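Residue strings, one per chain:
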Amino acid sequence: MKKIAVIGAGTMGNGIAHVFIQNGYHVNLIDISEDALKQAVATIGKNMDRMIAKEKITEKDKNDSLGRLKTSTAMKSGLAQAELVVEAATENIDLKLQLFKQMDEFAPEGCILATNTSSISITKMAAATGRPDKVIGMHFMNPVPVMKLVEVIRGYATSNSVTEVIMDLSQKLGKVPTEVNDYPGFVANRILMPMINEAIHTLHEGVAGVEEIDTVMKLGMAHPMGPLQLADFIGLDVCLSIMRVLHDGFGLDKYAPSPLLVNMVMAGKLGAKGGEGFYTHTPGSKELVISDNFKK
């Protein structure tokens, strides 16, 4: 397997493409936006420049890798030669179902269809195709070139052989694959998101402030990043989407999203990508500045 298609040129999509081309695979990166594709290629180049500066790769490695990357705005031609498709579009079930129908239509018969979803049912997406045995989850962590874990999620009909191929492939990418079954949130977000949601409840109820909550979890629990800072990094809209998947999937009140999280997303306060969440984010600055809404 050497020919990979990645659908979606955003943060996760360009990170996934980066990892594949750096490990010798040929990638066709597909997005409906030509500007998004140009930005993705530029981002991959900049991230490789950082690796060159740290002497992890050479300039030749970068050039060779970028030579294996193509971009396309056309789904049909972009998938024509693919042996594996990794869908990395926005965490929206309707969009993903539409994409899986197209992937099934345009990808070769033996092609494996994977999704980078962080919470949405693999089985539901597989049901939109004529090859449910070849549909699987490959949940990479952000930032993809750095983080080692790939959560490999088996849908109800995913075959043993496809699972073995994806586990092996993940290892060849220098990752540590972990096989899990298809239930809401899988493992990573079933555990992580309720913790983040509880931190937001704690803030909303006035138990402690943003800095205090994050400090307790960093220094008391040895977390590298506090839950509110992490929520900003992930995107508050993504956190809300995942909590709704958990709430709908299990039907339990403990998964209901915090009203504060709902209000912040409705107000357009999405975290780092929007410039403000629990913290104010300035491009190029790593200083943690609490949002004016949460200053004492």
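Residues numbered from 1 in each chain as written. Predicted model: local features only at pLDDT ≥ 70, side-chain atom pairs only at ≥ 80, totals over all residues. Heavy atoms only, no water.

Residues given the UniProt feature "domain: 3-hydroxyacyl-CoA dehydrogenase C-terminal" (unreviewed entry) here are residues 185-280. Secondary structure content for residues 185-280 is 62% helix and 2% strand, and the end C-alpha separation is 28 Å. (UniProt positions renumbered as here; feature names shortened; annotations may be inferred. Helix = DSSP H or I, 4+ residues; strand = E, 2+ residues; numbered from the N terminus.)

With that settled, consider the environment of I242. For I242, the location among the structural elements is in helix α11 (residues 236-250). Judged by its relative accessible area of 1%, I242 falls in the buried class. With 196 residues separating them along the chain, I242 and K46 place their C-alpha atoms 30 Å apart. Non-local contacts of I242, meaning those with residues more than four positions away in its chain, are made with S118, S119, N189 and M193. (Buried < 20%, exposed > 50% of the residue type's maximum accessible area, 1.4 Å probe, protein only. Contact = heavy atoms within 4.5 Å.)

So, about the UniProt feature "binding site: NAD(+)" (unreviewed entry) in the protein chain. Residues annotated by UniProt as "binding site: NAD(+)" (unreviewed entry) correspond here to G8, A9, G10, T11, M12, G13, D31, E91, K96, S118, N142 and K273. Lining the second largest pocket, from the residues just named, are E91. Positionally, D31 belongs in the loop between β2 (26-30) and α2 (34-53). Discounting chain neighbours no more than four positions away, the residues touching D31 are G8, A9, A36, L37, S72 and T73. A distance of 2.9 Å separates the side chain of D31 from the backbone nitrogen of A9, its partner in a polar contact. With respect to the secondary-structure elements, K96 resides in helix α5 (residues 93-106). Excluding residues that lie within four positions of it along the chain, K96 makes contacts with E87, A89, T90, E91, T115, T117, I120 and M125. Within polar-contact distance, the side chain of K96 engages the side chain of E87 at 2.5 Å. (1 Å grid on protein atoms, 1.4 Å probe; cavity = no way out; pocket = protein on both sides within 12 Å on 5 of 7 lines; lining within 4 Å. Polar contact = N/O pair within 3.5 Å; in protein donor to acceptor, adjacent residues only side chain to side chain.)

What follows is about unusual backbone geometry. A cis amide bond links N142 with the next residue in sequence, P143, at an omega value of 0°. The backbone of E55 sits at a positive phi, close to 60°, despite the residue not being glycine. Here E55 lies in the loop between α2 and α3 (59-67). Its identity as a non-glycine residue notwithstanding, A222 has a phi of 60°, on the positive side. Of note, A222 is situated in the loop between α9 (210-221) and α10 (227-234). By relative accessible area, A222 is classed as exposed at 64%.

Another point: the nonpolar core. F20, L84, F140 and I166 are the most contacted members of the largest nonpolar core, which has 34 residues in total. Here this core takes 6 residues from helix α1 (residues 11-22), the largest share from any one element. Those residues in contact with I166 that sit more than four places away from it in its chain are L84, I112, I136, M138 and V152. Within the second largest apolar cluster, 26 residues are counted, among which are A199, L240, V265 and Y279. (Core = buried A, V, L, I, M, F, W, Y, C linked by side-chain atoms within 4.5 Å.)

Before going further, it helps to examine α11. If you check α11, its first and last C-alpha atoms are 21 Å apart, about what 15 residues at 1.5 Å a residue would give, namely 21 Å. Packing partners of the buried residues in α11 comprise α8 (188-204), α10 and α12 (259-266). Phi turns positive one or two residues past the end of α11, at G251, with a value near 65°. (Expected span 1.5 Å × (residues − 1).)

Moving on, we get to the environment of V85. In this structure, V85 sits in strand β4 (residues 84-87). The exposure class assigned to V85 is buried, which follows from its relative accessible area of 0%. Residues V85 and A5, 80 residues apart in the sequence, show an inter-C-alpha distance of 4.7 Å. When residues no more than four places from it in sequence are discounted, the contact partners of V85 are A5, I7, L79, M103, A107, C111, I112, L113 and A114.

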